[in-house]
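Below, each chain spelled out in residue letters.
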Amino acid sequence: MGVARPLNTELTPEHYHQHRQRLVEQGIVKKKHAPSTKNNINGLKKKWTEHCTFFKKDRLQFLRLATKEDIMIFMKWILDNYPRYINGYLTTAYGLDLSMREKMVMNVDDVYITLHHHWILDVSIFPDGRQRLQLAFLVLVSAYTASRPGALVYVKRNIRVKKRAYLTPDDSSDEMDADEMDVDDDPTNPEEDVEALKTLCYEDVTLVLLPNPRGIRDILAIEVNLQYTKGHHKKPKRKVFLFSEVNDLVFDAIILMLTIAIHDNAFRSEKIQSVRDIFRLRVKQPRYSLELKWKKSILKTPIFRQAVLSVDGTRTSSPEDAKALWYYTYIYYLQRLGYIVGFAALLTGYALRRGAGEVLDALASQGILQQVMNHKDAGIFQAYMNERVQFDVQAAFLGRPSSDAAMKATSHGSRYIDPRAPTTLDASCQQPLRTHPTVVKCRQLRDSLSVEARRVKLRRGEVKKSRDEFFDTIDTDEIDKQLDLSLLDLEEKHWKPKAVEHILPERKRVAELICERPADSTKEAALEHRILTIEALVALCRVREAQPQQTRAYDRTWGIMDEDTATLVEPNPLGMIYSSKQCPFCFKEFCRPCKMREHAENQHLKLYKVDELIPCPNPVCDKEGVILNGHEHFKNHAATVHDSFLFDKYRK
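Residues numbered from 1 in each chain as written. Predicted model: local features only at pLDDT ≥ 70, side-chain atom pairs only at ≥ 80, totals over all residues. Heavy atoms only, no water.

**Student:** It is not clear to me how the sheet that holds strand 2 (residues 219-225) should be interpreted in this structure. Could you clarify?
**Tutor:** Consider a sheet: its strands pair through backbone hydrogen bonds, and that pairing is either parallel or antiparallel. An order of 3-2-1-4 is seen for the 4 strands of this open sheet, with the pairing classed as antiparallel. Of all strands in the sheet, those bounded by a partner on one side alone are strand 3 (240-244) and strand 4 (290-292). Between one strand axis and the next, the sheet turns by 30° as a mean value, whatever way the strands run. As judged from the 5 bridges shared by strand 2 and strand 3, these two strands associate in the antiparallel manner. If you follow Val-224 over to strand 3, its bridge partner there is Phe-241. (Pairing = 2+ DSSP bridges. Helix = DSSP H or I, 4+ residues; strand = E, 2+ residues; numbered from the N terminus. Axes fitted to C-alpha atoms, helices over the stretch in contact; angles between N-to-C directions.)

As structure tokens, then:
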């Protein structure tokens, strides 16, 4: 017989009765759902309410008494109503396209073409060099970890932020103002600071020096720990990736991490002042590695950071006041780059994830594939597989060697790349849009925001139509040209990319180094080339990129027509009296006065201290040298002289 265990006599029955009472008072402990799960729950609640209304039932009472049959009828009701509604009325009324879009897959060749254009040929403007470097670093980390974009940058779940940070690719840089640039409009929100830490920070990256006794220097490597992958709220799990040095510097993520660390002055050792100090370090016995520690004060600082508005202009936020890079800012930069490179499909972070998963599926085990892709079972990867079968079935059937080169060339995004694809509309295409009935009607209503929204929508649609037509006809045009040239015995003129002359010497220096290899093949020359490249990148991070010359004034003549002559009418010049929706600083029109006041406070007034002198931007006041003494004086001047009220921030 077993020996009875002694009971804990210190805990009386009354203790357990009290504990049970506390549980009753506390009630049900609700799960902490992710934002996407909450959205799905709310959508299902809405459908359940409609379902109960249809059957004339009380939704709560019906749910309490619901049986298995009732739930199955509810599911059938959803299938009977929502798909039919979408496939019927909405499709007809709004011309919805229900066809499946091709999922773009990027391999190493596509990444090289993208990064080569980014460093050498790209003339797009970033707030500063740090933002340009961050984009290249994010592309490499996404490719080397097969991670979702949300695991690397901050997903700010706010529709207003999404609209402002994510810009359409056809918006030319000379039309972007402070609201459209990547500027944080609420830096004092404490909830944002807490949430912003759910991104890749310095504490997630370990920089290690590994011994190389036979070489002229030791080898650098970095470990990247991705904590905030999908499902981390429920089941936190470490997933650490190792990056090593790459001879082709355009693919080397370590030099970009070193550049960011030096730019942020992140090393704990005060003796490290330059990249040359790092490459002089050696791992000595009995150690087998040497970790380059970060400062404790910077461990929680995001590596990828947002550009914020400052007195010196828009710059990457400092480590002391760090703002994590928004997901939609990253996606905008990435899509703009793919757009200019000439991809036929839209470039997204998932194109890199699919490409990495494709390689792992061919080379790694099933367990490694599931670990890297963060999938519970093997079946989930079917959604990420390349739609073009990655196996030469024809060669297998014929018993012949596989044509791997042909398959690689035809099954990835670079197959359709053509940098000649139009990215903007020429004057002949823009002119019909100026007099489009929708724009004319909105201009007559004097709703400038609606005019701008519809103008952008029209222009976006025309550019997309132009690009689709280009990719649909370019192959036939090339064939016709070649056949005509052969018949006429004419020499074909080879296409050459436009010569790019960078204004910034720092940018020019990076373009000369990062995609080239030194002429001298010795290890000393390779090390010197690597050091010079990192130094050039650090110098680039410290400068603002030159803003483009304003090729034309902001055109507010869209939709303004004289009915008799059908000619455009010049807008009235700016006067002393503003409309209630016009910003007294930049004179931009908003949809409501409260939006104008919010914009003026967050984008202009916050750049000045409360008692700092503020010049009046109005041309007449500026000519007379009107300078106001602080915020309150400026608001009073705007109200009494320009009829622009900034005092009541929430007045409708």
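Read on for the rest.
**Student:** Whenever I open this one, a nonpolar patch on the surface confuses me. Can you help?
**Tutor:** Nonpolar side chains collect at one region of the surface, where Phe-54, Phe-55 and Ile-73 lie side by side and expose about 310 Å² of accessible area between them. Here Phe-54 is to be found in helix 2 (residues 35-54). (Patch = residues over 30% accessible without salt bridge, like charges linked within 9 Å, V, L, I, M, F, W, Y side chains within 5 Å. Areas by Shrake-Rupley, 256 points an atom, 1.4 Å probe, with all protein chains shown as cover. Salt bridge = Lys/Arg side-chain N within 4 Å of Asp/Glu carboxyl O.)

**Student:** Looking at this structure, how should I read the pattern of salt bridges?
**Tutor:** A side chain of one charge can pair with a side chain of the opposite charge if their charged atoms are brought near each other. Applying the stated criterion across every chain yields a total of 17 salt bridges. Between Arg-315 and Asp-128 there is a salt bridge whose closest N-O contact spans 3.8 Å. Of this pair, Arg-315 sits in strand 6 (residues 313-316) while Asp-128 is found in the loop between helix 5 (108-121) and helix 6 (129-145), placing the two residues 187 residues apart along the sequence. The class of Arg-315 is partly exposed, set by a relative accessible area of 24%. One salt bridge in this structure joins Arg-217 and Glu-245, with 2.5 Å as the shortest N-O distance. (Buried < 20%, exposed > 50% of the residue type's maximum accessible area, 1.4 Å probe, protein only.)

**Student:** Help me understand the nonpolar core, please; the structure alone is not making it clear to me.
**Tutor:** Grouped burial of nonpolar side chains is what soluble globular proteins tend to show. Of all hydrophobic cores here, the largest spans 88 residues; its most connected members are Trp-119, Phe-267 and Trp-294. Setting aside anything within four residues of it in sequence, one finds Phe-267 in contact with Leu-207, Leu-258, Ala-261, Ile-262, Ile-272, Ile-278, Leu-292, Lys-293, Trp-294 and Lys-295. Counting 13 residues, the second-largest nonpolar core is a separate cluster that includes Cys-583, Phe-590, Met-596 and Ile-614. (Core = buried A, V, L, I, M, F, W, Y, C linked by side-chain atoms within 4.5 Å. Contact = heavy atoms within 4.5 Å.)

**Student:** Help me understand helix 11 (residues 327-341) in this model?
**Tutor:** Spacing of three or four residues puts side chains on the same side of an α-helix, whose turn is 3.6 residues. A rise of 1.5 Å per residue sets the reference length of helix 11, with its 15 residues, at 21 Å; its end C-alpha atoms lie 21 Å apart and thus fit the reference within 8%. Of all 15 residues in helix 11, 14 are buried; the element is thus mostly enclosed. One or two positions beyond helix 11, positive phi appears at Gly-342, with a value near 115°. (Expected span 1.5 Å × (residues − 1).)

**Student:** Explain the packing of helix 19 (residues 505-513) against helix 20 (residues 523-541) here, please?
**Tutor:** Between two packed helices, what matters for the description is the angle formed by their axes and the separation of those axes. The interhelical angle for the contact between helix 19 and helix 20, taken along N-to-C directions, is 150°, at an axis separation of 9 Å. Judged on the interaxial angle alone, helix 20 and helix 19 are roughly antiparallel. Pair helix 19 / helix 20 crosses with left-handed handedness. Taking contact as the criterion, the partners of Glu-506, Arg-507, Arg-509, Val-510 and Leu-513 in helix 19 are, on helix 20, His-529, Leu-532, Thr-533, Ala-536, Leu-537, Ala-539 and Leu-540. (Parallel < 35°, antiparallel > 145°, perpendicular 65-115°, else oblique. Left-handed = near helix turned anticlockwise from the far one by under 90°.)

**Student:** In this structure, what is going on with a negative patch on the surface? I would like to understand it.
**Tutor:** Together, Glu-469, Asp-472, Asp-475, Asp-477, Asp-480 and Asp-484 give the surface a local cluster of negative charge. You can see Asp-480 is positioned in helix 18 (residues 448-488). (Lys, Arg positive; Asp, Glu negative; His and termini not counted. Charge placed at Lys NZ, Arg CZ, Asp CG, Glu CD.)

**Student:** Even after reading the chapter, I still don't get the packing of aromatic side chains, so can you show me in this structure?
**Tutor:** To describe a pair of aromatic rings, one takes the distance between the centres and the angle between the planes. Tallied over the entire structure, the rule returns 13 aromatic pairs. Arranged with centres 5.4 Å apart and planes meeting at 25°, the rings of Trp-48 and Phe-62 form a pair that is stacked. Pair noted here: Trp-48 is in helix 2 and Phe-62 is in helix 3 (residues 59-64), with a separation of 14 residues, a long-range link. Its relative accessible area of 9% is what places Trp-48 among the buried residues. The class of Phe-62 is buried, set by a relative accessible area of 16%. Judged by centre distance (5.5 Å) and plane angle (75°), the ring pair of Tyr-144 and Phe-243 falls under edge-to-face. Here Tyr-144, found in helix 6, pairs with Phe-243, found in strand 3; they are 99 residues apart in sequence, far enough to count as distant. The exposure class assigned to Phe-243 is buried, which follows from its relative accessible area of 4%. In this structure an aromatic cluster arises from ring pairing among Trp-48, Phe-62, Phe-74 and Trp-77. Over the aromatic face of Phe-62 sits the side chain of Lys-57, whose NZ or CZ is 5.8 Å from the ring centroid. The ring of Phe-126 carries the charged tip of Arg-336 above its face, separated from the ring centre by 4.8 Å. (Phe/Tyr/Trp six-rings, centres within 6.5 Å; stacked < 30°, edge-to-face > 60°. Lys NZ or Arg CZ within 6 Å of the ring centre and 35° of its normal.)

**Student:** In this structure, what is going on with helix 19? I would like to understand it.
**Tutor:** For helix 19, the set of buried residues is Arg-507, Val-510, Ala-511 and Leu-513. Looking at the buried positions of helix 19, the neighbouring elements they touch are helix 5, helix 6 and helix 20.

**Student:** Explain the packing of helix 5 against helix 19 here, please?
**Tutor:** At a minimum axis distance of 8 Å, the contact between helix 5 and helix 19 shows a crossing angle of 140°. As summarised for this structure, helix 5 and helix 19 are arranged oblique, according to the angle between their axes. Packed against helix 5, whose contacting residues are His-118, Trp-119 and Ile-120, the element helix 19 presents Arg-507, Val-510 and Ala-511 at the interface. Partitioned by chemical class, the residues of the contact of helix 5 with helix 19 number 4 nonpolar, 1 polar and 1 charged. (Nonpolar A, V, L, I, M, F, W, Y, C, P; charged D, E, K, R; others polar.)

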